[in-house]
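Listed here are the chains, written in short residue letters.
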Amino acid sequence: MKVIEIEGARQLSGAIRISGAKNATVALIPAAILTDEEATICNVPEITDTDALCDILKQLSVNVNRSTESLVINPQNMKNVEIKEEYSKKLRASYYFMGALLGKFKKVVMHFPGGCSIGARPIDLHLKGFEALGAKVTNEKNKYTVEAKELRGANIYLDIASVGATINIMLAAVKAKGTTIIDNAAKEPEIVNVATFLNLMGAKITGAGTSTIKIEGVDRLGKCFHEVIPDRIEAGTYIIIGALCGHNLKIDNVIPEHIDSLLSKLEELGLHLEIGADYVIVLDSPKELKPTNIKTAVYPGFATDLQQPFTVLLTRANGKSKVEETIWENRFMHVPYLNKLGANITVKNQTAIVQGPTELKGCEVVATDLRAGAAMVAAGLLAEGKTTITNAEHILRGYEQIVEKLKSVGAKIVIKEI
Ligand code: EPZ
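Notes on the structure follow.

Quick notes on the rules
Residues numbered from 1 in each chain as written. Predicted model: local features only at pLDDT ≥ 70, side-chain atom pairs only at ≥ 80, totals over all residues. Heavy atoms only, no water. Near = heavy atom within 4 Å. Polar contact = N/O pair within 3.5 Å; in protein donor to acceptor, adjacent residues only side chain to side chain. Areas by Shrake-Rupley, 256 points an atom, 1.4 Å probe, with all protein chains shown as cover. Helix = DSSP H or I, 4+ residues; strand = E, 2+ residues; numbered from the N terminus. Nonpolar A, V, L, I, M, F, W, Y, C, P; charged D, E, K, R; others polar. Salt bridge = Lys/Arg side-chain N within 4 Å of Asp/Glu carboxyl O. Buried < 20%, exposed > 50% of the residue type's maximum accessible area, 1.4 Å probe, protein only. Core = buried A, V, L, I, M, F, W, Y, C linked by side-chain atoms within 4.5 Å. Contact = heavy atoms within 4.5 Å. Pairing = 2+ DSSP bridges. Axes fitted to C-alpha atoms, helices over the stretch in contact; angles between N-to-C directions. Expected span 1.5 Å × (residues − 1).

So, the site of the ligand
Here comes step 1: Neighbouring the ligand are 22 residues; Asp 124, Ser 162, Asp 305, Ile 327 and Arg 371 lie closest to it.
Here comes step 2: In this structure, Gly 164 approaches the ligand through a main-chain N or O atom, which is 2.8 Å from an oxygen atom.
Here comes step 3: Isolated, the ligand exposes 830 Å² of accessible area, and the fraction of that covered by the protein chains is 90%.
Here comes step 4: Among the elements of the structure, helix H1 (22-32), helix H5 (124-132), helix H6 (163-173), helix H10 (304-314) and helix H12 (370-382) are those that each provide at least two residues to the shell around the ligand.
Here comes step 5: Residue composition of the shell around the ligand, grouped by class: 11 nonpolar, 5 polar and 6 charged.

Below, the structure written as C-alpha cells:
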C-alpha cells in the first residue's frame, strides 16, 4: 500500500504546472482505436489510469508507443478480443472501449467497469444509446456483449446529461450509417476535446460543448495528432491548496474559463487571485474567509470533482457553509476524516454543513477515493503536525507527480510503500 506523509502548516509559493486532463485522456486513448491509421496524443498525464488503459490496448494487440507525455497508438493489427474483468475493473473509463470497439467492429465483449466507489454508477444510458443505434445488448454475470449487424444513426435523448454516455455514444456513432443527434448531451470541456480528436481523424461532429451534438457517420478515419487539454480538476485542486496555504502560488497551464464556477466561489470567500490568460495566481490566503454555499452541477456548474477539496477550504471560513452534492450519492466519505483532523462537519442526506473556522491537527486518515484523497492532501497541508494518508494509490490515479509538484513549492511531503 502507498502512504503519503505530510508535515503541514507550511507556506507554499512558486509555480505548479498543470498536466493533461485525466478525464479527457481516459476517453482519448480508447477513441484512438477508431483510426484506420495511427493517432498521436500529446500532453498525456503519467497517472495510473493511463497505464491501465494502455494495458487494455496491449490486450487488444494495439501497438502503443509511449514517450514522455505522448502516446502513439496504431491499431492496424488489433484484435477484438474480450476485455477481461481484471482489466476493466481497474477504472471506470474502461467503459469507453464499449463505444469504441462497437463503433469499429460492431461488437464488443467486456465486463462491467470499476472506478471510485462514489455511487451506484449505472451505465444504462450508455447501453440505451447503443441500442438506439441498432445494437443488441446482453449481460451475463456482469459480462456485457454488445453487437450490431449495422449501426445506424438515431436521435438519442439522454435522461441525464451524462459525460460518459455522451462520449460513448459519440464513439459508437462516428462510423455509423447516417446521422446521430444526441440531445441533452453533457457539455464538459473533455467532451469537446474528444470530439476535436475524432474530427481531426476525419469524423463529422458538430455541437460538442452544447447540449445538442450532431454526428454524421463516416466510413474511415485517418491519421491525426492531438493535444490533451489542461486538467481543470487538477488545476482547481492546486488553486484550493493555494487558497489554504499559498502565498504568490502560481498555477500554470490553466484554462480559467473551465473553472469559472470555482474562481467565483473563491472570490466570494474573500481570496485574492490574479487570473491571467493561462494561469491563476493565489496572491495570499487571508486569515479570515467568509462562509459560502456550493451545489454541485453539470458543467458549467460547480464540479462535483472539486467538491471534496473545496470542503477543506470551508473549514477555514468564519461561519456556517453548506455543500450540496447532486451528482453522486456517496461523495462525502472524506468528511469523517476531516472531522478526525478537527473539522466540524455534519452530513444529512446529500448535504454537508461545515461550521468554521476550525483548527486542523495532523493524524492518520484514509484516501477512500481519488478526490477524497486530494481533499486529504489539502487538509494535511493545512493541518499542524503530521498527517499520514493511507490508500494513496487512489490519488495517483488522477494526479501526476503530486508529491514532486507540491515539494517544488515548499511542501514537506513524501510517498512511501508499506
Ligand atoms: C465522469 O464520470 C467523470 N469520470 C467523473 O470524474 C465525474 O465526477 C463525472 O463525469 C461528473 O462530472 C470520467 O470522466 C472518467 P456521468 P461519469 O455519467 O461519466 C448518472 C473523477 O473524480 N448516470 O456524467 O461516469 C450517474 O450515476 C471522476 O475524476 C446514470 O444514471 O459520470 C451520476 O449520478 C469521478 N446512468 C450522473 O448520471 C448512466 O448510464 C452523472 O454521471 C450514466 C450516468
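From this point, things continue past the structure.
A closer look at the pattern of salt bridges
Two side chains carrying opposite charge are able to pair once their charged atoms lie near each other.
Here comes step 1: All told, the structure shown has 15 salt bridges when counted by the stated rule.
Here comes step 2: Residue Lys 386 pairs with Glu 5 through a salt bridge whose shortest N-O separation is 3.8 Å. With Lys 386 in strand S22 (residues 386-390) and Glu 5 in strand S1 (residues 2-7), this residue pair connects regions lying 381 residues apart in the sequence.
Here comes step 3: Take Lys 386: its relative accessible area is 42%, and that puts it in the partly exposed class.
Here comes step 4: Two residues, Asp 159 and Lys 128, come together in a salt bridge whose shortest N-O distance is 3.3 Å. One end of the pair, Asp 159, is in the loop between strand S9 (155-157) and H6; the other, Lys 128, is in helix H5, and 31 residues separate them in sequence.
Here comes step 5: Judged by its relative accessible area of 45%, Lys 128 falls in the partly exposed class.
Here comes step 6: A single network of salt bridges, built from pairs that share partners, joins Glu 5, Lys 386 and Lys 416.

Some remarks on the nonpolar core
Here comes step 1: Core analysis: the largest hydrophobic core is formed by 79 residues, its most contacted members being Phe 97, Met 170, Leu 171, Phe 197, Leu 198 and Ile 205.
Here comes step 2: The contacts of Met 170, once residues within four sequence positions are left out, are Ile 182, Ile 191, Val 194, Ala 195, Ile 205, Ile 213 and Ile 215.
Here comes step 3: With 71 residues, the next largest nonpolar core counts Leu 249, Leu 271, Val 280 and Met 376 among its residues.

Description of the sheet that holds strand S6 (residues 107-111)
Here comes step 1: What the 3 strands build is an open sheet, ordered S6-S8-S7; its pairing is antiparallel. Pairing within the sheet leaves two strands with one partner each, and these edge strands are S6 and strand S7 (136-140). Mean inter-strand twist for the sheet, computed between neighbouring axes without regard to direction, equals 15°.
Here comes step 2: One ladder, built from 5 bridges, connects S7 with strand S8 (residues 143-147); its direction is antiparallel. Bridging across to S8, Glu 140 finds its partner in Lys 143.
Here comes step 3: Strands in contact with helix H4 (residues 96-105) are S6 and S8; relative to S6, the strand with the most contacts, it is inclined by about 160°.

So, helix H2 (residues 48-59)
Here comes step 1: Here H2 spans 17 Å end to end across 12 residues, near enough to the 16 Å set by a 1.5 Å rise per residue.
Here comes step 2: Along H2, the residues classified as buried are Asp 49, Thr 50, Ala 52, Leu 53, Cys 54, Ile 56 and Leu 57.
Here comes step 3: Within two residues after H2, Ser 61 carries a phi angle of roughly 60°, on the positive side.

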